[in-house]
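Residue-level structural notes
What follows is the residue order along each chain.
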Amino acid sequence: MVIPAWVVTGFLDSGKTTLINRLIREELSEQEVLVIQFEKGDTPLAEGEGVRSLYYSKAEIEESPYAVADSICEEIQKDPAELILIEWNGMEHFHRFEEMFLQFHLKTAIHVEKVIYAGDEKELKHKIADSGMISMSQIAAGNLAYLRVEEENAALSARELFQINPDIHVFTEGKWDRFKKKIFQYDVKSQISLLLVAAAVIFYLTVNSYLGSFITLFLGVFLQAVPFLVIGVLLSSAIQVYVSADWIRNKFPQNVVFGQLFAIVAGFCLPVCDCASIPVFKGLVKKGVPLSAAVTFMLVSPVINPVVILSTWYAFNGNLKIIAARCGLGILCAALTGLTYLVHPPETVLLTDPVMQRGEAYGDYEIKALEDTRISRFYQMMGHAQNEFFKVGTYLLTGIFVSTVLQEVWPSMTRSGAGIPILASVAFMMAMAFILSLCSSSDAVVARTMAGVFPAGALMGFLVFGPMIDLKNGAMLLGGFEKKFIVRLFVTTFLICFGAVGVFALLGSGGIRI
């Protein structure tokens, strides 16, 4: 039997025991809970039916960590619990915890599901600096952070955490309901579903003697797409580290026409992907930039920036008509969508009480280095680029896999050019772009693999609509914007893109031949 465990870390007297007591009292009262403490502060552990505890001192885990691990394992085997809450010592490196709980006997007995960093210090930056790698290791391992700070100090404290762990979700004491919802939220392991689908497809392809060609096609597309993904994440990270968000905001003119033109020019000059454009868009809105211009920038930047143009040129063997069509339709659709917000502009756009998540306290997606030196900023840029590469790479691999399956499983569809009406093919490709959520710096390579299945007009729906609106963009927007605004943005963008691309396809797709 493997028992789930939640780990609470943080400085001494940061509120770890108080947090554990509240969880037990309000949420875990009906469960058998084992609390393992590695330090004790002024607040005693709550007593109650179904709650028992173990205590080990700092000296014990330093002198004989494996003996402590064996003792915990024996206790669990003798009297199992439904949930284990671990209060880790604030002055011990988290690597020591990993040595004890993620190896040998305990690894088979305990499954660590959550790591929560607790804090209530206003001067969090100085506390982290004083403790050095000890606190950094605990923050870096955290999934969630629970801060007992005033709301006006929350963003500053969260900023310090995000610099160490960009993926941590930060909640304040006043956001207990949201924290509670997040801590009891278990992410569906999409990888398992993907593996099952992949196994079924591979079995099918093996039976039909197509495995060799499938792997060849998959690897061919992957190797073509990766260089552009690397370029995209490097340039995007460089913008975030070296370019001030205030500089971008201040350059936006207030005039509607000039605002639209500037948004288009800025979208071309700033090589940011669709993932980066949304946080920048939020910063523009918060600074009072006209909503129509900010929307245009968000939608057009991932379609017409130099990295996207280069990847499109490469994927379609230098076909300038494809590049011109993509950029032209992208500018048209983005500008029209932005201008719609001049008619009945929404009363509220931003959430009045958003949950702070990764990137929310970066100064509107501006990352500050821990030290203001060139080498520190460079390492900051490379670290962020690494995180973005692996995160966006997951979407890329999924898109390549689906497009390869489409061609291998239905070869007759490839030969016949899909055989569905042109407008239906445009809608289908737009829907596929929305679901696959590919990075705009490499989606052209995936689109090229489907050129034999769908006509050029339908591919434009994939290349224009996909970078503007997709599933991952929707998830990012939900973190800071009103749902009504998001729904209007999605519907308006889809209708305008479908109308513009549909007319383009019906008129012969500009004579494009692939």
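Whatever comes next refers back to the structure up there.
In what follows, the accompanying structure is described. (Residues numbered from 1 in each chain as written. Predicted model: local features only at pLDDT ≥ 70, side-chain atom pairs only at ≥ 80, totals over all residues. Heavy atoms only, no water.)

Let's talk about the overall build of the protein
Each helix and strand in the protein was counted, giving 24 helices and 7 strands. The burial tally for the protein puts 52% of its 514 residues in the buried class. Within the protein, contacts between residues at least 6 apart in sequence are counted, and of these 81% link residues at least 24 apart. (Helix = DSSP H or I, 4+ residues; strand = E, 2+ residues; numbered from the N terminus. Buried < 20%, exposed > 50% of the residue type's maximum accessible area, 1.4 Å probe, protein only. Contact = heavy atoms within 4.5 Å.)

Examining the nonpolar core
Membership of the largest hydrophobic core comes to 70 residues, with the highest contact counts inside it found for Phe-281, Phe-462, Met-468, Phe-485 and Leu-489. Sorting the residues of this core by element identifies helix 13 (256–269), helix 14 (274–286), helix 15 (291–304), helix 17 (320–339), helix 20 (422–436), helix 21 (443–449), helix 22 (456–468) and helix 24 (483–506) as the ones contributing at least two each. Within the second largest apolar cluster, 26 residues are counted, among which are Ala-5, Val-7, Phe-38 and Met-100. (Core = buried A, V, L, I, M, F, W, Y, C linked by side-chain atoms within 4.5 Å.)

Details of the packing of helix 15 against helix 22
Their axes nearest at 8 Å, the elements helix 15 and helix 22 cross at an angle of 130°. Comparing the axis directions of helix 15 and helix 22 gives the class oblique. Handedness of the crossing formed by helix 15 with helix 22: right-handed. Side by side, helix 15 and helix 22 meet where Leu-299, Pro-302 and Val-303 of the first sit next to Leu-463, Val-464, Pro-467 and Met-468 of the second. In terms of residue class, the contact of helix 15 with helix 22 is made up of 7 nonpolar, no polar and no charged. (Axes fitted to C-alpha atoms, helices over the stretch in contact; angles between N-to-C directions. Parallel < 35°, antiparallel > 145°, perpendicular 65-115°, else oblique. Left-handed = near helix turned anticlockwise from the far one by under 90°. Nonpolar A, V, L, I, M, F, W, Y, C, P; charged D, E, K, R; others polar.)

Focus on helix 9 (residues 176–183)
Trp-176, Phe-179 and Ile-183 are the residues of helix 9 that are buried. The arc that holds the buried residues of helix 9, viewed along the axis, is 60°, so those residues lie on one side. For helix 9, the exposed residues lying more than 90 degrees away from the buried face are Asp-177 and Lys-181. Buried residues along helix 9 sit against strand 1 (3–9), helix 1 (16–26), strand 5 (110–119), strand 6 (144–147) and strand 7 (169–172). (Arc of directions from axis to C-beta.)

Considerations on the sheet that holds strand 1
Ordered by their spatial adjacency, 7 strands build an open sheet running 3-2-4-1-5-6-7, and the pairing between neighbours is parallel. The open sheet is flanked by strand 3 (51–55) and strand 7, the only strands paired with a single partner. For this sheet the average axis-to-axis angle between neighbouring strands, irrespective of direction, equals 20°. In this structure, strand 1 lies alongside strand 4 (residues 83–87), joined through 4 bridges in parallel fashion. (Pairing = 2+ DSSP bridges.)

Observations regarding the packing of aromatic side chains
Evaluation of the coordinates by the stated rule reveals 18 aromatic pairs. With a centroid separation of 6.4 Å and an interplanar angle of 80°, the aromatic rings of Phe-11 and Tyr-117 are classed as edge-to-face. Of the two residues, Phe-11 sits in the loop between strand 1 and helix 1 while Tyr-117 sits in strand 5, which places them 106 residues apart along the sequence. Judged by relative accessible area, Tyr-117 falls into the buried class, the value being 1%. Here the aromatic residues Phe-38, Tyr-56, Trp-88, Phe-94, Phe-97 and Phe-101 are joined through ring pairs into a cluster of three or more. The lysine or arginine in question, Lys-40, covers the ring of Tyr-55, its NZ or CZ lying 4.7 Å from the ring centre. Above the ring of Tyr-341, the side-chain terminus of Arg-488 is found at 4.4 Å from the ring centroid. (Phe/Tyr/Trp six-rings, centres within 6.5 Å; stacked < 30°, edge-to-face > 60°. Lys NZ or Arg CZ within 6 Å of the ring centre and 35° of its normal.)

Quick word on unusual backbone geometry
Despite not being glycine, Asn-317 has its phi angle at roughly 55°, a positive value. The residue Asn-317 is located in the loop between helix 16 (306–315) and helix 17 in this model. Assessed through its relative accessible area of 64%, Asn-317 is described here as exposed. Even without glycine at this site, His-344 takes up a positive phi of about 50°. Among the secondary structure elements, His-344 is positioned in the loop between helix 17 and helix 18 (374–409).

Details of the pattern of salt bridges
A full pass over the atoms with the stated rule returns 12 salt bridges. Glu-62 is the partner of Lys-58 in a salt bridge, and the nearest nitrogen-oxygen pair spans 2.3 Å. Placement of both Lys-58 and Glu-62 in helix 2 (residues 58–63) is noted, with a separation of 4 residues, approximately one turn of the helix. Among the residues examined, Glu-62 registers a relative accessible area of 40% and is labelled partly exposed. Beyond isolated ion pairs, a larger network of salt bridges with shared partners links Arg-52, Glu-75, Lys-78 and Asp-79. (Salt bridge = Lys/Arg side-chain N within 4 Å of Asp/Glu carboxyl O.)

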